[in-house]
Amino acid sequence: MLKITHLTKIFFKGSVNENIVLRNINLFISPGDFVTIIGSNGAGKTTLLNIISGVFFPDQGKIEIDGKDVTNLPEYKRAPFIGRVFQNPLQGTASSLTVEENLAIAELRGKRKRLRLAVTRRKRKEFEERLSLLGLGLEKRLQERVGLLSGGQRQALTILMATLAKPKLLLLDEHTANLDPKTAQKIIFLTKRVISEVHLTTLMVTHNMEEALKFGNRTIMMNEGKILFDVSGEERKKMSVKDLLDKFSKLKKEKLSEDKMLLTR
Amino acid sequence: MGDFILHVLEEGFLFAILSLGVYISFRALNFPDLSVDGTYPLGAAVVAIMILKGINPFIAMIIATLAGGLAGLFTGFLHTRLKIAPLLSGILTMICLYSINLRIMGRPNISLSPYLGYRTFITIIKEEANSLVTSKYLIPLIFLGIVIALKFLLDIFLHTEIGLAIRATGDNEEMIRAEGVNTDTTKLIGLALSNSLVALSGALFAQYQGFSDIGMGIGMIIAGLASVITGEALFRGRTISIITLEVIIGAIVYRLAIAVALKWGYNFGFKPTDLKLLTGLLVIIILAFPVIRKRMKLKFLKDIKI
């Protein structure tokens, strides 16, 4: 489904601020996988998602989606395959447009825009049905501007928008981080439901280790632009947050001692 | 007095077409496009030279509108392809158009006076209508019809798939790119449309006032912006059809303010040459309104939102 090989990204290349954000990342994700990604700030999680979706282009490496090389495809041309939900609830929707207009845009993702009315009666009915499944009462607010919705409502709308056009890949970038705990809980369960309904291949970045283990079938820990470890199957099922942290510090220490050896040699 | 009001309405209606164009670029697309100062006289120049050559004024107006659209595309090209900042792209188009407009007209101004025998769309309408009705309300009513028609067409356009993509580009560019829209294209379409309307407004105005002048575009962007924000200050509509109506009313109110200043301002030492200064001050006051309100804590003004 998603195949990433030898991916490297350097910001401010050649300047004093040069920053290697991703170092030779290799990642293969099978169809239907729900992968959670954890790692400290600056580990390269968001950059990885941004490169997959085409916001940035890599300095080295190759990205394939469903066997198609998309490495040099601009963001708007990758959009048909990729649905995204961002950390900032304001980022995924247009606030001066109405709920139904935002949904209409999402439904047309990757399709040619034409000179015909964007919201028809038939579409409005379809949106109404979809929104009522969220259980937030948004189906009664189709013609309100999105700017009037709360952060949680906007995020729920964004999830619906991200999945409306049936993407091959769903990218979630800490999409519950800016919400209050209760709303975050709601959104994460909503996410899970939507994903399992359509068996969507998903990458979810999260700060919450518990969440990372609870949801999905595979977990990746990133650190300093590298994939530190990658657990799935039985090993992951038995894992607790403590195991995760132990594994992290063990690998980190080994890595540190390796570096030390390099320096002292 | 009645004639004064009629005169204001006539000018206001023509001016509203420009304001709708400014609304598209400044508000819908969130692109501060200063090309307007060049595309407004461009429309006037094209229509004037074609009428001078005896071409049908309606065909001339279509060509003038297209010329405006082309100029808008040039601004868009500077910004999207050559990555020049929006403000600078507009200014560059404007300055290039100054020379181009002079080339088109071949001189700084062209008179289209009916006494010289030129047939503008206004003289044609008057000739055609002469046998039926002779009323001073005819011209303002026709102008009103044009504005209303353009408003409805624009309302519908902004609700189409392309229109939605343009509005979303002005609202949240990151989001609409993630939704698979090439924002370069939406900017080009929006700027072309905006400047077409501006050029059409210039073309109509040249025929209405009976001449085209190289300097008639100076400050038009600020005047257009003044109309848009006056409309927004007077009402607080959120749906597209209300907003476009606001813009039209804003344009009329603005023209009224200008006409009042010109008619009675001399009592206070105001001269016609002070017009641009007045417009500038008006826009400054409206834009500074939120700051002034905050500083002075004027409670009764709290409800007015800009």
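Note: the structure precedes this text.
Here's what I pulled together on the structure shown here. Here the residue numbers are simple positions, counted from 1 along each chain's written sequence. To label them, take the chains in the order written and letter them from A, then take the ligands in the order written and number them from 1. Where local features are concerned, this predicted model is filtered to residues with pLDDT of at least 70; where side-chain atom pairs are given and counted, the filter is 80 or more; whole-chain, interface and lining totals use all residues. The basis for the side-chain values is all heavy atoms of the structure; hydrogens and waters are excluded.

## Looking at the pattern of salt bridges
Step number 1: Salt bridges, as used here, are contacts in which a Lys or Arg side-chain nitrogen is within 4 Å of a carboxyl oxygen on Asp or Glu. Counted according to the given criterion, the structure contains 24 salt bridges over all chains.
Step number 2: For A:Glu75, the salt bridge is made with B:Arg177, and the minimal N-O distance between the two is 3.3 Å. Within this pair, whereas A:Glu75 is found in helix H2 (residues 75-78), its partner B:Arg177 is found in helix H8 (residues 173-178), the two belonging to separate chains.
Step number 3: For B:Arg119, the salt bridge identified is with B:Glu127, shortest N-O distance 2.8 Å.
Step number 4: For the exposure calls, accessible area comes from a 1.4 Å probe over protein chains only, and a residue counts as buried if that area is under 20% of its type's maximum, exposed if over 50%, partly exposed in between. On the basis of relative accessibility, which here comes to 43%, the residue B:Arg119 falls in the partly exposed class.
Step number 5: By sharing partners, the salt bridges in this structure join A:Glu75, A:Arg84, B:Glu173, B:Arg177 and B:Lys187 into a single network. Strands here mean DSSP runs of E at least two residues long; helices mean DSSP runs of H or I at least four residues long; both are numbered from the N terminus.

## Structural notes on a nonpolar patch on the surface
Residues and elements named next belong to chain B.
Step number 1: On the surface, Met1, Ile5, Leu256, Val260 and Trp264 cluster together into a nonpolar patch covering about 450 Å² of accessible area.
Step number 2: In terms of residues, the nonpolar patch owes the most to one element, helix H11 (residues 240-264), which gives three residues.
Step number 3: On the secondary structure map, Trp264 appears in helix H11. Exposure above 30% relative accessible area and the absence of a salt bridge qualify a residue for a patch, where like charges join within 9 Å and nonpolar side chains (Val, Leu, Ile, Met, Phe, Trp, Tyr) within 5 Å. Throughout, the Shrake-Rupley method with a 1.4 Å probe supplies accessible areas, and for residues the shown protein chains are the sole cover considered.

## Details of the sheet that holds strand S1 (residues 2-11) of chain A
Residue and element names in this part refer to chain A.
Step number 1: The four strands are arranged S2-S1-S4-S5 in an open sheet whose pairing can be described as antiparallel. Either end of the sheet is taken by a strand with one partner, and the two such strands are strand S2 (19-29) and strand S5 (68-69).
Step number 2: Two strands make a pair as long as DSSP finds a minimum of two bridges between them. Here S1 pairs with strand S4 (residues 60-65) via five bridges, running antiparallel. Its bridge partner being in S4, Lys3 is matched across the sheet by Glu64.

## Considering the interface of chain B and chain A
Reports of interface size often rely on the accessible area that becomes lost once the parts have come together.
Step number 1: Listed by partner, the interface residues are 21 residues for chain B and 31 residues for chain A.
Step number 2: Where chain B touches chain A, the interface holds four salt bridges.
Step number 3: Here a polar contact means two N or O atoms within 3.5 Å. Within protein one must be a hydrogen donor candidate and the other an acceptor candidate, and residues neighboring in sequence count only if both atoms are side-chain atoms. At the junction of chain B with chain A, the criterion picks out 14 residue pairs in polar contact (both at pLDDT 80 or more).
Step number 4: Mapped by element, the contributors of at least two residues to the side of chain B that touches chain A are helix H6 (138-158), helix H7 (161-171) and H8 of chain B.
Step number 5: Residue contributions to the side of chain B that touches chain A peak at six residues, all from H7(B).
Step number 6: Charged residues are taken to be Asp, Glu, Lys and Arg, nonpolar residues to be Ala, Val, Leu, Ile, Met, Phe, Trp, Tyr, Cys and Pro, and polar residues to be all remaining types, Gly included. Here the residues of the side of chain B that touches chain A sort into nine nonpolar, five polar and seven charged. Whether two residues are in contact is decided by their heavy atoms, any of which lying within 4.5 Å being enough.

## Here we look at the nonpolar core
Step number 1: Counting residues in hydrophobic clusters, the biggest one holds 76 residues, and the most contacted among them are B:Leu18, B:Val22, B:Tyr23, B:Val47 and B:Phe143.
Step number 2: Of all the elements, helix H1 (residues 2-28) of chain B adds the most residues to this core, at twelve residues.
Step number 3: If we skip the residues at most four places from it in the chain, B:Val47 touches B:Pro57, B:Ala60, B:Met61, B:Ala64, B:Ala203, B:Ala206 and B:Gln207.
Step number 4: Listed in part, the 43 residues of the second largest apolar core include A:Val85, A:Phe127, A:Ala156 and A:Leu170. Residues belong to one nonpolar core when they are buried, are Ala, Val, Leu, Ile, Met, Phe, Trp, Tyr or Cys, and are joined through side-chain atoms within 4.5 Å.

## A short note on the side chain of A:Thr219
Residue and element names in this part refer to chain A.
Step number 1: Positionally, Thr219 belongs in strand S9 (residues 218-223).
Step number 2: Among the residues examined, Thr219 registers a relative accessible area of 0% and is labelled buried.
Step number 3: Ignoring any residue separated from it by four or fewer positions in sequence, one finds Thr219 in contact with Thr36, Ile38, Ala212, Leu213, Phe229, Asp230, Val231 and Arg236.

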